[in-house]
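Structural overview
This is what each chain is made of:
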2 protein chains.
Amino acid sequence: MSEIIKVAIDAMGGDDAPGVIIEGCMQALHMSQDVFIYLVGDEKIIGPMLERESYDKERLEVVNASEVITNNDHPVLAIKQKKDSSMVVALKLVREGKAQAFISAGSTGAILVGGQVIVGRDKGVLRPALAPLMPTLQGFSLLIDCGANVDARPEHLVQYARMGSIYYENTMKKASPTVAILNIGAEEEKGNALVRAAYPLLKECSDINFIGSIEARDIPYGKADIIVCEAFAGNIVLKMYEGTANALFSKIKGAFMANFKTKIAALMLKSQLKKTLKDYDSTDYGGAPMLGLKRLVVKAHGSCSAKEFRQAILQCLSFYRADVSGKIAAAIAAAREKESLQEEEQ
Amino acid sequence: MSEIIKVAIDAMGGDDAPGVIIEGCMQALHMSQDVFIYLVGDEKIIGPMLERESYDKERLEVVNASEVITNNDHPVLAIKQKKDSSMVVALKLVREGKAQAFISAGSTGAILVGGQVIVGRDKGVLRPALAPLMPTLQGFSLLIDCGANVDARPEHLVQYARMGSIYYENTMKKASPTVAILNIGAEEEKGNALVRAAYPLLKECSDINFIGSIEARDIPYGKADIIVCEAFAGNIVLKMYEGTANALFSKIKGAFMANFKTKIAALMLKSQLKKTLKDYDSTDYGGAPMLGLKRLVVKAHGSCSAKEFRQAILQCLSFYRADVSGKIAAAIAAAREKESLQEEEQ
């Protein structure tokens, strides 16, 4: 048996918490013998729900927390004031080393604040970044940063590129993944002030496979493995992707349901369409990690399914085993060493 | 007969120029008796092509221009140095008042530079903005700015909101259209520095119907008539929309073509799908105007069809007749007057 990895889970975060969260935990416990779960939340609610489930009781412990942080709470104030919230209590388990990873489907803002304040940044990391994997026609691309840390500086983007490369290489098992910077044209002189300043810095990095700019229209085609961007832009990319796909599907569904003939045709297409669109399904990659922290903090989608939440848990195992946090810390340290040597030479 | 409106057309700009451009002009001349076209380009190329067409020769005049500005040219240098390019010659016809509008499917960057340098801004306009109409589930939304003027300031966004409202009201014939600012959350305190500074300014404007923030995922659903944003973000919205839709369609097409059964089903669905997706077709709104200039400058899509180019020409007529430029100038002047009165009061 491999080493048991302990995951602290915010049972109360997300649109369908705690039901979906508990179901995801049950699935994860069944699928892997190597996971231990701290299920953090109101035991008066969670307790009776767990009683109905059958699972390995040696590998799940309920940790009581009386409060809940909601999307309406101000992230900074919530982390500071709701000391007994499921999110804060779970994050503290990680800080104290009792758990190796944290997952929540709750408020993104609060997770970002809590990750930085409670778990803490890796040494040398200027800003942690939220890095979801997006399905593309080629597989998956990592979009970094999609967090709440807007108005990044060029040196932040360089760190995102490094952290994203290490994460992608280790979790997607692809050597030397390509890195592109999100831009409004292909040429180096294109872009806003941030992109024009970051581009030459990225070009100089010998430890990443930088391929230049990527335009938004090429993202769904998977033209780069890692897409580096400031968080405001990253958020737009992610949400346009989601919104456009959903709007188009509802449009197409309308055409399918228009009349008897189209309904028959839709039935004939159903299994093939499902098969084709399955490649486009992001549920296999459950959650978005917040890279650059001392330990793993994962944000699951607010409306995630039990399967997605389970995948987020299982993802923690490979992240931990591949020592992604350690490798990121080492790469950041090496880059800083190189920079200071160059400064001395000058 | 109504007043004849003269349009200066860059015959050489665009992926399929001059063929598609000439075809678009022919269609426009047939569909409206009120348009006169200056067709600007290399007469050795255009001349023989026109000879094959039948049209009202009283309403088209070829203006020779020996050079062409391409997408590879640097916009500022091209406008400055290629004095005899089809774009520069056509823009000068507008500046001199010989034509009331200009259209090109050529380099966006060069059109933006040429529009400002040759045609010139309306008095009081800080920055002109490129404002395409995007198809949504509700109709059309105007996205302003999608141009090359990145890194806007808050006061620019306020002017975009005013100019966009006037354009939308007059061309889409909807009174008091809704205005939202592109953001990464619904709350007023969300966003980057630019958005947080612009939000309260927009809220104060009594001459627009400001409804707050819009998240990118709500854009395809048409939750606002006018979406105000900085150009880098606007470009991402537009290109993610295009890229995601195209990638999804190619995926779905793959499912349709998978086997005999799916091919039959696809045939059965074809006409209905076409009908449904037609609402989603932006070709009826041919080109994106550059708002805030003394006269109308329109950017047509580089890969536009003859029909799209024709629509861009016909669009010029309603723009001119509704006096959109004049109304924008008046609104900007009124807003400035109000501001200076407020300053005096303080």
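Residues numbered from 1 in each chain as written. Chains lettered and ligands numbered in written order. Predicted model: local features only at pLDDT ≥ 70, side-chain atom pairs only at ≥ 80, totals over all residues. Heavy atoms only, no water.

1. Description of the overall build of chain A
A tally of helices and strands in chain A yields eleven helices and twelve strands. The C-alpha radius of gyration of chain A comes to 21 Å, within 12% of the 20 Å expected for a compact globule of 346 residues. The burial tally for chain A puts 58% of its 346 residues in the buried class. Contacts in chain A between residues at least 24 apart in sequence constitute 72% of all its contacts with a sequence separation of at least 6. Here chain A has roughly 14600 Å² of accessible surface; of this, 50% comes from carbon and sulfur atoms. Charged side chains of chain A number 41 positive and 42 negative; the gap between the two group centres comes to 5 Å. (Helix = DSSP H or I, 4+ residues; strand = E, 2+ residues; numbered from the N terminus. Rg over C-alpha atoms; globule rule 2.2 N^0.38 Å. Buried < 20%, exposed > 50% of the residue type's maximum accessible area, 1.4 Å probe, protein only. Contact = heavy atoms within 4.5 Å. Areas by Shrake-Rupley, 256 points an atom, 1.4 Å probe, with all protein chains shown as cover. Lys, Arg positive; Asp, Glu negative; His and termini not counted. Charge placed at Lys NZ, Arg CZ, Asp CG, Glu CD.)

2. Things to note about the pattern of salt bridges
According to the stated counting rule, one finds 24 salt bridges over all chains in the structure shown. When the shortest N-O distance is used, the salt bridge between R162 of chain A and D207 of chain A registers 2.6 Å. Here R162 of chain A is found in helix α6 (residues 154-171), whereas its partner D207 of chain A is found in the loop between α7 (193-204) and β9 (209-215), with 45 residues between them in sequence. For D207 of chain A, a relative accessible area of 42% gives the class partly exposed. Here E155 of chain B ties to R153 of chain B by a salt bridge, and the two come within 2.9 Å at their closest N and O atoms. Salt bridges sharing partners connect three or more residues here, namely E215 and R217 of chain A together with K239 and E242 of chain B. (Salt bridge = Lys/Arg side-chain N within 4 Å of Asp/Glu carboxyl O.)

3. Points about the confidence of the model for chain A
Chain-level pLDDT for chain A is 92 on average; 97% of the residues reach the 70-or-more range. Here the predicted complex scores 0.90 on pTM and 0.89 on ipTM. (pLDDT = per-residue confidence, 0-100.)

4. Examining the relation of the copies chain B and chain A
You can overlay chain B on chain A at an RMSD of 0.0 Å; the transform is a turn of 180° with a shift of 0.0 Å along its axis. Such a turn and shift between the copies fits a two-fold axis. The position closest to the rotation axis in chain B is occupied by the C-alpha of A265 of chain B, lying 2.2 Å away. (Least-squares fit on C-alpha atoms with pLDDT ≥ 70 in both.)

5. Digging into the packing of helix α8 (residues 231-256) of chain A against helix α9 (residues 260-278) of chain B
Contact geometry for α8 of chain A and α9 of chain B: axes closest at 9 Å, N-to-C directions at 135°. On the basis of their axis angle, the class for α8 of chain A and α9 of chain B is oblique. The hand of the α8 of chain A/α9 of chain B crossing is right-handed. Contacts between α8 of chain A and α9 of chain B involve K251, I252, A255 and F256 of chain A from the first element and L269, Q272, L273, T276 and L277 of chain B from the second. (Axes fitted to C-alpha atoms, helices over the stretch in contact; angles between N-to-C directions. Parallel < 35°, antiparallel > 145°, perpendicular 65-115°, else oblique. Left-handed = near helix turned anticlockwise from the far one by under 90°.)

6. Notes on the sheet that holds β9 of chain A
All names here are of chain A. The strand order β6-β7-β10-β8-β9 describes an open sheet built from five strands, whose pairing is mixed. Among the strands making up the open sheet, the edge pair consists of β6 (133-135) and β9. Between one strand axis and the next, the sheet turns through 30° on average, direction left out of account. As paired elements, β6 and strand β7 (residues 140-144) share three bridges and run antiparallel to each other. Bridging from a neighbouring strand, L133 pairs with L142 of β7. (Pairing = 2+ DSSP bridges.)

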